[in-house]
Amino acid sequence: MGARLSDSRLYAHLWGTDELRAVFDEEARLQTWLEILAALAAAQAELGIIPAASAEAIAAACSVDRLDLDLAAAETRRTSHSTLGLIAALRRALPAEAAEHIYYGATVQDLTDTWTALVIRRTGQVAWRDLGAVEALLLDLAERHRDTPMAGRTHGQPGSPVTFGLKVASWADEVRRHRERLAEGAPRWSCGQLGGAVGTLAFFGDRGLELRRRFCERLGLRDPVVPWLTARDRVADFGHLLAMITATLARIGAEVYTLQRPEIGELREPSAPGAVGSITMPHKRNPEGSEHLDTLARLVRAQAATLLEGMVGEHERDGRAWKAEWIALPEACLLAGAALAQARDLLAGLEVDSERMARNLAAGGGYAASEAVLAELSPRLGKHRAQELLQEALRSGREQGRTLEEALRHQGTLDPAATPAATVGCSAAMVDAVVRRGRAALATEADPWG
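Nothing here was measured: the structure is a model prediction, and the numbers come from that model.

## Considerations on the overall build of the chain
Each helix and strand counted, the chain has 17 helices and four strands in total. The C-alpha atoms of the chain give 29 Å as radius of gyration, which overshoots the globular expectation for 450 residues (22 Å, by more than 25%). In terms of overall dimensions, the chain has C-alpha extents of about 100 × 50 × 40 Å along its principal axes. Within the span of the chain, comprising 450 residues, buried residues form 48% of the whole. Sequence-distant contacts, at least 24 apart, represent 74% of the contacts inside the chain between residues at least 6 apart. Summed over all atoms, the accessible surface of the chain reaches about 21,800 Å², with 53% contributed by carbon and sulfur. Side chains of the chain carry 52 positive and 60 negative charges; the gap between the two charge centres is 2 Å.

## Some details on helix α16 (residues 404-411)
Here α16 has its buried residues at L404, A407 and L408. Down the axis of α16, the buried side of the element spans an arc of 95°, and every buried residue falls inside it. Buried-residue contacts for α16 involve α14 (370-381) and α15 (383-400). G412 sits one or two positions beyond α16 and adopts a positive phi of about 85°.

## Re the pairing of strand β2 (residues 157-163)
Pairing of strand β1 (residues 149-154) with β2, which is carried by five bridges, proceeds in the antiparallel orientation. From the neighbouring strand, R153 faces β2, where its bridge partner is P158. Hairpin geometry of β1 and β2 is characterised by an intervening segment of two residues between the two adjacent antiparallel strands and by a positive phi of about 55° at H155.

## Describing the side chain of T148
For T148, the location among the structural elements is in the loop between α7 (108-144) and β1. A distance of 3.0 Å separates polar atoms of two side chains, one belonging to T148 and the other to H145. Here T148 is in contact with V162, T163, F164, S354 and M357, once residues within four sequence places are set aside.

## Quick word on empty space enclosed by the protein
Evaluated as defined, the whole model comprises two cavities of 30 Å³ or more. What lines the largest cavity is I36, L37, L40, Y103, A106, T107, D110, L111, L194 and F215. Residue assignment for the lining of the largest cavity shows that the elements contributing at least two residues are α2 (26-46) and α7. The element contributing the most residues to the lining of the largest cavity is α2, with three residues. The class makeup of the residues in the lining of the largest cavity is eight nonpolar, one polar and one charged. Of the pockets and cavities examined, the second largest cavity occupies roughly 30 Å³. Considering the residues around the second largest cavity, the lining is formed by L20, T123, V126, A127, L242, C333, A336, G337 and L340. Looking at the lining of the second largest cavity, the elements that each hand over two or more residues are α7 and α12 (319-348). The element that contributes the greatest number of residues to the lining of the second largest cavity is α12, accounting for four residues.

## Here we look at the nonpolar core
With 110 residues, the main nonpolar core has L90, L94, L138, F164, L182, F215 and F238 as its most contacted residues. Tallying contributions element by element places α7 first for this core, with 16 residues. Those residues within four positions of L182 in sequence are excluded, and the remaining contacts are A127, W128, L131, W189, F238, L241, I245, P448 and W449. Grouped together as the second largest cluster of nonpolar side chains are 13 residues, A369, L374, A386 and L394 included.

## Some details on the packing of aromatic side chains
Counted according to the given criterion, the structure contains seven aromatic pairs. With a centroid separation of 6.0 Å and 20° between ring planes, the pair formed by W189 and W449 is classed as stacked. Of the two residues, W189 sits in helix α8 (residues 164-189) while W449 sits in the segment after α17 (427-444), which places them 260 residues apart along the sequence. Of the two residues, W189 and W449, both sit in the buried class. Judged by centre distance (5.7 Å) and plane angle (90°), the rings of W322 and W326 are edge-to-face. Here the residue W322 and the residue W326 both occupy positions in helix α12, the gap between them amounting to four residues, near one helical turn. Taken together, the aromatic side chains of Y104, F203 and F204 make up a single cluster linked through ring pairs. Stacked on the ring of W33, the Lys or Arg R29 has its end atom at 5.7 Å from the ring centre. Lying over the aromatic face of W128, R179 brings its terminal NZ or CZ to 3.6 Å of the ring centre.

## Overview of the layout of surface pockets
In this model, the largest pocket occupies a volume close to 860 Å³. If you trace the largest pocket, you find 27 residues lining it, with F24, D25, E26, R29 and W326 closest to the centre. Of all the elements in the fold, those that place two or more residues in the lining of the largest pocket are α1 (18-24), α2, α4 (69-79), α7 and α12. Examining the composition of the lining of the largest pocket, we find that six residues originate from one element, α12, more than from any other. A per-class count over the lining of the largest pocket returns 14 nonpolar, five polar and eight charged.

Cut-offs used in this document
Residues numbered from 1 in each chain as written. Predicted model: local features only at pLDDT ≥ 70, side-chain atom pairs only at ≥ 80, totals over all residues. Heavy atoms only, no water. Helix = DSSP H or I, 4+ residues; strand = E, 2+ residues; numbered from the N terminus. Rg over C-alpha atoms; globule rule 2.2 N^0.38 Å. Buried < 20%, exposed > 50% of the residue type's maximum accessible area, 1.4 Å probe, protein only. Contact = heavy atoms within 4.5 Å. Areas by Shrake-Rupley, 256 points an atom, 1.4 Å probe, with all protein chains shown as cover. Lys, Arg positive; Asp, Glu negative; His and termini not counted. Charge placed at Lys NZ, Arg CZ, Asp CG, Glu CD. Arc of directions from axis to C-beta. Pairing = 2+ DSSP bridges. Polar contact = N/O pair within 3.5 Å; in protein donor to acceptor, adjacent residues only side chain to side chain. 1 Å grid on protein atoms, 1.4 Å probe; cavity = no way out; pocket = protein on both sides within 12 Å on 5 of 7 lines; lining within 4 Å. Points joined across faces, edges and corners; volume = space filled by probe spheres on them. Nonpolar A, V, L, I, M, F, W, Y, C, P; charged D, E, K, R; others polar. Core = buried A, V, L, I, M, F, W, Y, C linked by side-chain atoms within 4.5 Å. Phe/Tyr/Trp six-rings, centres within 6.5 Å; stacked < 30°, edge-to-face > 60°. Lys NZ or Arg CZ within 6 Å of the ring centre and 35° of its normal.

Here it is as structure tokens:
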């Protein structure tokens, strides 16, 4: 474990998942780099650029367990070069002739950008899977509470009623759009890199384009057609999608956080046995999970901003932009993975107090029905005249402590036979549409990351 809090034995679980740490930790990164070098050597051997025996020896040696990592670290520091230490350790593990063909004609960026494409693919697989699970949980929740009325709130204040199902359907619909973005972007982001010194593939002569095609194919990546040495839009694009995904999860978390307040009490996040809300106020049940979704989303947005800065690079290579991704992209992926896992747990155990929702909606003297009254009066009085009368009646009613019905009858606006009743409008139909569309998509869409 390291100096960063996100690597702490005590707190690492808050900032990433074991699944994604297994992708981004140092040994995993080095192993993937070695596999990339082995794929490059194999493709070069196929085209007669290097001997087949060298490619076979390189493939056999490309295991992180076979390398002297202390030597690699020392040589990296001595040479002030990103990968010469790794090359030195790998050459020591190879026969002399094969050692001359490791990393043949390639650059640091060919290696690390190809790694970037591979880890984007792995993170995309996790996001695709977990967003699907989140969407399924939300669709079930929306359907279950299709007709559960609650106060709609605007500007933090109670307004006309909605259903909890409609609120959840809005979350599910947003998650669906992220799944669509993940599917649409998968082929764009999954591109390897092989450009050589300045992107021309000149080292390989007229075999350069075929070599790149075969190299990418071996790794399950697309041929980029043209090198993306300073074209960092793919990485920025993926990072910003992670920022959007975690922002959606934070929006959900914010609702749970707010509606769990005791004075509202409509939702409660699950509480694990043994969980302690406060060591000084034992009665508290803190919304730690929903709160943390906001924290994670803020950090992902910060990393996404760094990735966006990388799009402004100079000439054919610019280490200022590209090397910042080495920190920002793994952080964004790890944090997003933690947010997705947290959201799954939160939604799987979310407690909904429908009775409290009904009581909160009924509180306030029935003023939540004002929109329904306005709709009823508008055809008869005109919308603007009806609104003026309602504003006057409601202002007077609040001052006198009257209910909505009492205020309107006192004003003489309400038909004696009428009783104002709030309505949730088309909520149920919209919930049904979201649930139907979401379930159909989950059942039929192909996995673009498979």
